[in-house]
Amino acid sequence: MDIINILLSIIGFFLALAVKQLISISKSLSEIKTALQVLTTKHDYLEERVKNLEVSNYHKNKTNTHRNL
């Protein structure tokens, strides 16, 4: 009976460690997910900004080309 209690205690200890590690992994994954969402938002914003600048620059160059003719 003592051996069974000792084995159950050891198994319980390792299960508690495993649960603690899983919770830690879950928190880390949540932080990574949030960071990726921020980067995606920044990337989308910058991509739109570059697109707008290219269009603006194209129209500016087009106007300047016509003036030079």
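Residues numbered from 1 in each chain as written. Predicted model: local features only at pLDDT ≥ 70, side-chain atom pairs only at ≥ 80, totals over all residues. Heavy atoms only, no water.

## What to know about the overall build of the protein chain
As a reminder of what qualifies: For helices the rule is a DSSP run of H or I covering at least 4 residues; for strands it is a run of E covering at least 2, with both sets numbered from the N terminus onward. Put simply, the radius of gyration uses C-alpha atoms, and a globule should come to 2.2 Å times the residue count raised to 0.38. Think of it in three bands: residues with accessible area under 20% of the maximum for their type are buried, residues over 50% are exposed, and the middle band is partly exposed, with areas taken using a 1.4 Å probe on protein chains only. Where accessible areas are quoted, they stem from the Shrake-Rupley method and a 1.4 Å probe; at the residue level, only the protein chains shown are allowed to cover. Only four residue types enter the charge count: Lys and Arg as positive, Asp and Glu as negative, with His and the chain ends excluded. The location of each charge is read from NZ of Lys, CZ of Arg, CG of Asp or CD of Glu.
A count of helical and extended segments in the protein chain gives 1 helix and 0 strands. Here the C-alpha radius of gyration of the protein chain, 30 Å, is well above what a compact globule of 69 residues would show, namely 11 Å. Each of the 69 residues in the protein chain was classed as buried or not, and the buried ones make up 0%. Carbon and sulfur atoms form 65% of the exposed surface of the protein chain, whose accessible area is close to 6,800 Å². Each charge class in the protein chain can be summarised by its mean position, and for the 9 positive and 6 negative side chains these summaries are 12 Å apart.

## A few points about the environment of Asp44
Of note, Asp44 is situated in helix α1 (residues 2-68). As a C-alpha pair, Asp44 and Asn61 span 17 residues in sequence and 26 Å in three-dimensional space.

## Things to note about the environment of Lys20
Structurally, Lys20 is set in helix α1. Taking C-alpha positions, Lys20 is 30 Å from Thr40, a pair spaced 20 residues apart along the chain.

## So, the packing of aromatic side chains
In this description, an aromatic ring pair is defined by two values, namely the gap between the centres and the angle between the planes. Rules: Pairing of aromatic side chains here covers Phe, Tyr and the six-membered ring of Trp, requires ring centres within 6.5 Å, and sorts the geometry by plane angle: under 30 degrees stacked, over 60 edge-to-face, intermediate tilted.
Enumeration over the complete set of coordinates arrives at 1 aromatic pair. When the ring of Phe13 is compared with that of Phe14, the centres are 5.5 Å apart and the planes differ by 70°; the resulting orientation is edge-to-face.

## Some remarks on a nonpolar patch on the surface
Heads up, the rule is: Nonpolar side chains (Val, Leu, Ile, Met, Phe, Trp, Tyr) are joined into patches within 5 Å and like charges within 9 Å, using only residues with over 30% relative accessible area and no salt bridge. Salt bridge, as applied in this entry: a Lys or Arg side-chain nitrogen positioned within 4 Å of an Asp or Glu carboxyl oxygen.
On the surface, Met1, Ile3, Ile4, Ile6, Leu7, Leu8, Ile10, Ile11, Phe13, Phe14, Leu15 and Leu17 cluster together into a nonpolar patch covering about 1,300 Å² of accessible area. With respect to the secondary-structure elements, Ile6 resides in helix α1.

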